[in-house]
Amino acid sequence: MSPGSDKPVSSLYVHVPFCAQKCSYCAFYSEASSGELIERYTSALVRELELVAHDVKPATVFFGGGTPSILNLKQWRRVLETMQRLNLLGAAEWTIESNPATVSLDKAKLWRDFGVNRVSMGVQSLDENLLDRLGRVHSRDMVFKSYDVLRRAGFDNINLDLMFAIPGQTMTVWEQTLDEAIGLGSEHLSCYEVIYEEDTPLYEQLQAGQFSVDEDSACAMYEELLEAASSRGFQQYEIANFARHMSPQSGEVPDRACLHNINYWRGGSFHGLGPSATSYVRGIRAKNWSSTPLYCECLERGKRAIESQEELSPLQRAGEIAAFGLRMNVGWPFHQFQQTTGYDLAQEWSSEIDQLVEQDWGRLNAERFQLTAQGLRFADLAAQQFLR
Ligand SMILES: C[S@@+](CC[C@H](N)C(=O)[O-])C[C@H]1O[C@@H](n2cnc3c(N)ncnc32)[C@H](O)[C@@H]1O
Ligand code: SF4
């Protein structure tokens, strides 16, 4: 969407800032739940949906967190009925993130009844010791049970989140988790290397010297992931994302790729609701307060809960969009980048591109620039060079 367009925004994100318990590695804005605050949040979210609905015609919706599946049936019904009243149903792709400990058949059926068609489940590992180490609230058994519940409710598009290079994780354990997770038959896999986020217990343990980071082992686990995923029918389309069903009709990404995330990587507009959520609409980036009580207070007074707003210069924004899009295996087709940002990628970033090609992290042809397998492994570093 161009900055001057008055067309409604087609992408909606809703942040649910609660979890059953906080995992040891996680820096997302969320806290262990309290019944009363969740109730208050639900009312505030209803109000925020009312304030934003006139500017949204959703093609993709994503409820992320935190753990959206932690809302109870009554709270979910309230949110979904509000969306129905506000004409926010009917998205082509509607994802809800869930934790295996908070999925139930009733909830999953309710989601389906209102048009939710994709569930992303945080699994991380199928090894009990590692689940424990990560502070996960669920057992491996619960993963299998919840997956089955989702299938029984009729979900035919499921993502599983896994993590690798976890302290204490051996290659054998990673291979087993990959094998069992892929064996479940989900349509999508997201696999993240552990990031040591400041102010998390895992980061503190690293700082205290309780373990060290083994970069070689992380690389080997990433290689194993690429091999296991591709040999069992997944196509990698972004550094951490793999999906099924690639055919000549599929275009540049597999059929079950996450459309909502592709909109981010391709620099599309989106409204973000809920505490800590960001929006990018008509050239303005806005961020909600990262405090659930403050968020609720604002909306109880009938106001949006926006903490800050900024307008990036067109070149800054183009640099960001270049960086996001290069995370995708197909990189940036030049005509598409020009259409999205108004800039010529090959010309504006010619020295960065030359350098990446030289170190074998980038590949250039007449049509596009993309990262090589080696470049993708270090996509964050490579992408940084495009920021202005
Ligand atoms: C919002 S959570 C997903 C759903 C749900 N909250 C759960 O964890 O079960 C998003 C995903 O980000 C990944 N993640 C979170 N913190 C991470 C970190 N520090 N390093 C790597 N991956 C992380 C995990 O795989 C997690 O499932
Ligand atoms: S990984 Fe998921 S369940 Fe764990 S604290 Fe983060 S958002 Fe919550």
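Presented here is a report on the structure given in the accompanying data block.

Strand order across the open sheet formed by 3 strands is S12-S13-S14, with antiparallel pairing between neighbours. The open sheet terminates on both sides in strands that have one partner only, identified here as strand S12 (278-281) and strand S14 (306-311). Taken pair by pair, the neighbouring strands of this sheet meet at an average axis angle of 20°, ignoring direction. Inspection of the sheet shows S12 paired to strand S13 (residues 284-288) by 4 bridges, in the antiparallel sense. Across the sheet, serine 279 pairs through a bridge with alanine 286, a residue of S13.

Moving on to the pairing of S13. A loop of 2 residues connects S12 with S13, the two strands running antiparallel in sequence, and arginine 282 in this loop sits at a positive phi of about 50°. In this sheet, S14 lies alongside S13 in antiparallel orientation, the contact comprising 5 bridges. For arginine 285, the partnering residue across the bridge sits in S14 and is glutamate 310.

The local shell around ligand 1 holds 18 residues, among which Gly66, Gln124, Arg136, Asp161 and Ile195 are the closest. The side chain of glutamine 124 places a nitrogen or oxygen atom 2.6 Å from an oxygen atom of ligand 1. Arginine 136 is positioned such that a nitrogen or oxygen atom in its side chain is 2.7 Å from an oxygen atom of ligand 1. Within the complex, the protein chains bury 93% of what would otherwise be the 560 Å² of accessible surface of ligand 1. Counting residues per element, the ones that place at least two in the shell around ligand 1 are strand S5 (93-98), strand S6 (118-124), strand S7 (158-164) and strand S8 (188-193). Residue composition of the shell around ligand 1, by class: 6 nonpolar, 7 polar and 5 charged.

Analysis parameters
Residues numbered from 1 in each chain as written. Chains lettered and ligands numbered in written order. Predicted model: local features only at pLDDT ≥ 70, side-chain atom pairs only at ≥ 80, totals over all residues. Heavy atoms only, no water. Pairing = 2+ DSSP bridges. Helix = DSSP H or I, 4+ residues; strand = E, 2+ residues; numbered from the N terminus. Axes fitted to C-alpha atoms, helices over the stretch in contact; angles between N-to-C directions. Near = heavy atom within 4 Å. Polar contact = N/O pair within 3.5 Å; in protein donor to acceptor, adjacent residues only side chain to side chain. Areas by Shrake-Rupley, 256 points an atom, 1.4 Å probe, with all protein chains shown as cover. Nonpolar A, V, L, I, M, F, W, Y, C, P; charged D, E, K, R; others polar.

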